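For reference, the chains in residue letters:
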Amino acid sequence: MTNIPFNTPPYVGTEIQYVQEAVDAHKICGDGQFTKKCNAWIEKRFGAVGALLTTSGTTALEMAALLCGLEKGDEVILPSFTFSSTATSIVLTGATPVFIDIRPDTMNIDENKIEAAITDKTKAIVAVHYAGVSCEMDTIMDIARRHGLKVIEDAAQGVMSTYKGRALGTIGDFGCYSFHETKNYSMGEGGALVLNHREDLEPAEILREKGTDRARFFRGQVDKYTWVEYGSSYLPSDMLAAYLWAQLQEADRINENRLATWNAYNEAFSPLAAEGKLILPTIPEECKHNAHMYYVKLKDLRQRTDFINYLRDRGISSVFHYVPLHSSPAGRRFGRFCGEDVYTTSESDCLTRLPMYYGLSAEDRGRVIDAVLSYFA
Ligand SMILES: *Cc1c(COP(=O)(O)O)cnc(C)c1O
């Protein structure tokens, strides 16, 4: 009996051919033909004003934080139930992460607890679309508009998901995607910054290109390029963009394949949920998700540990996350929790993720389903 991994990086078969093309073109640094193709694909497919591939989802978040003009003394509201990068990007600018509670149904930031956390130092809200299921964006955008705050969407898990028909990442001021090997579409390490305002395009290009106006130079808008602003190096190699390009061309096939697994799990476990034996993910009416993840919630931490061990003994890898950031060593040092932790800790203690990846065979999927059903039998 072979082990069923929790994740296998997506691979559609044409990646090597495109990487070879990038190599043959003698253009393997950033912003070559494949980077441009990927940027244009994201803009067109999702209706973004601009898109720039980055070296990771983390650096896309860093760029968004810097472009928001965050600085020391500012505060940013975000959920505590998220990956470290959501908070490190804020800390990088000297601003303080202010963690608030999540909703138990979607595990997303509780939009109804945001306003109580706003102070005169608050500059931005980070909406993390957990499991590729959208936050309640109309409410969040309304709060942001009324208080003059920026909204950064951490859509690392939300590529191809929508909220009321709009692609995640294109609703706030900035959207951040990840193309890490654990995400739906991958280039190994990589990401993209989605820009939704025309006036952010040039500052973003400069920030990403070591603070130079090289993009303007390449467009023939200036006759030499120079250091004009603070910047860093956030461009991925065109070899990596070539790898991603193969997958973007198959984006619908990958999405449908993952959704088929997600739906099969959900259907098989619905009777258990009806009996109150476990809790399944909630997808609000206005959200279309991308099957980034299939999680179940057990009764408590003890049962979750037992469940994970039971699956492991049957060759099935199931993993949990996250240690809520406000109780992590760095979270305590750099940030603070505002309000009451009603759901963040208790719900994260119960959650575990089942194997979910492009190409998970029907046979292996069946084995996972049988194991889960037998655990509760
Ligand atoms: C994966 C992930 C990130 C970081 O993306 P990388 O590409 O690994 O840097 C940030 N936020 C969330 C919610 C993620 O899931």
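The structure under discussion appears in the preceding block.
Description of the structure in this document. Predicted model, so just to flag it, every value in this text is computed and none were measured. (Residues numbered from 1 in each chain as written. Predicted model: local features only at pLDDT ≥ 70, side-chain atom pairs only at ≥ 80, totals over all residues. Heavy atoms only, no water.)

### Describing the nonpolar core
The cut-off we apply is this: Here, nonpolar core refers to any group of buried Ala, Val, Leu, Ile, Met, Phe, Trp, Tyr and Cys residues whose side-chain atoms link them within 4.5 Å. Residue exposure (1.4 Å probe, protein chains only): buried if accessible area is under 20% of the type maximum, exposed if over 50%, otherwise partly exposed. We call two residues in contact when some of their heavy atoms are within 4.5 Å.
In terms of nonpolar packing, the biggest core is built from 52 residues, with Ile42, Leu53, Ile114, Ile140, Tyr177 and Phe179 touching the most fellow members. Discounting residues that sit within four places of it in the chain, Ile114 has contacts with Ile77, Ile100, Ile109, Ile125, Ile140 and Ile143.

### Details of the pattern of salt bridges
Stated precisely, the cut-off is as follows: Any carboxyl oxygen of Asp or Glu within 4 Å of a side-chain nitrogen of Lys or Arg constitutes a salt bridge here. By definition, any uninterrupted DSSP run of H or I lasting at least four residues is a helix, any uninterrupted run of E lasting at least two residues is a strand, and each is numbered from the N terminus.
This structure, assessed with the given rule, holds 20 salt bridges. Of the charged contacts in the structure, one is a salt bridge between Glu250 and Arg253, with a shortest N-O distance of 2.8 Å. Accessibility expressed as a relative area gives 26% for Glu250, which makes it partly exposed. Across the pair Lys297 and Glu347 runs a salt bridge, and its minimum N-O distance is 2.6 Å. Residue Lys297 is located in strand 11 (residues 295-297), and its partner Glu347 is located in helix 12 (residues 344-348); the two are separated by 50 residues in the primary sequence. No difference in accessibility class separates Lys297 from Glu347, as the two residues are buried. A cluster of three or more residues bridged by salt bridges with shared partners is formed by Glu115, Asp142, Arg145 and Arg146.

### Describing the pairing of strand 5 (residues 150-154)
Side-chain positions along a regular strand alternate between the two faces of the sheet. What counts is decided by this rule: Two strands qualify as a pair provided DSSP detects at least 2 bridges between them. Crossovers are marked right-handed if the path from the first strand over the helix to the second runs clockwise, as seen with the strands pointing away from the viewer.
Along strand 5, four of the five residues are buried, which leaves the element largely enclosed by surrounding structure. For strand 4 (residues 122-128) and strand 5, the ladder comprises five bridges, and the chain directions are parallel. Bridging from a neighbouring strand, Ile125 pairs with Val151 of strand 5. Crossover connection from strand 4 via helix 5 (residues 137-147) to parallel strand 5: handedness right-handed. As paired elements, strand 5 and strand 8 (residues 174-178) share three bridges and run parallel to each other. If you follow Asp154 over to strand 8, its bridge partner there is Cys176.

### Structural notes on the sheet that holds strand 7 (residues 166-167)
Spatial ordering of the open sheet is given by 7-6-10, a layout of three strands whose pairing is antiparallel. Looking at strand neighbours, the two that pair on one side only are strand 7 and strand 10 (287-288), the edges of this open sheet. Two elements, strand 6 (residues 162-163) and strand 7, share two bridges in a ladder whose sense is antiparallel. Each bridged residue has a counterpart across the sheet, and for Thr162 the counterpart in strand 7 is Ala167.

### Some details on the side chain of Thr261
The residue Thr261 is located in helix 9 (residues 251-274) in this model. When its relative accessible area of 1% is taken as the criterion, Thr261 is described as buried. Setting aside chain neighbours within four positions, we find Thr261 in contact with Met356, Leu360 and Arg365.

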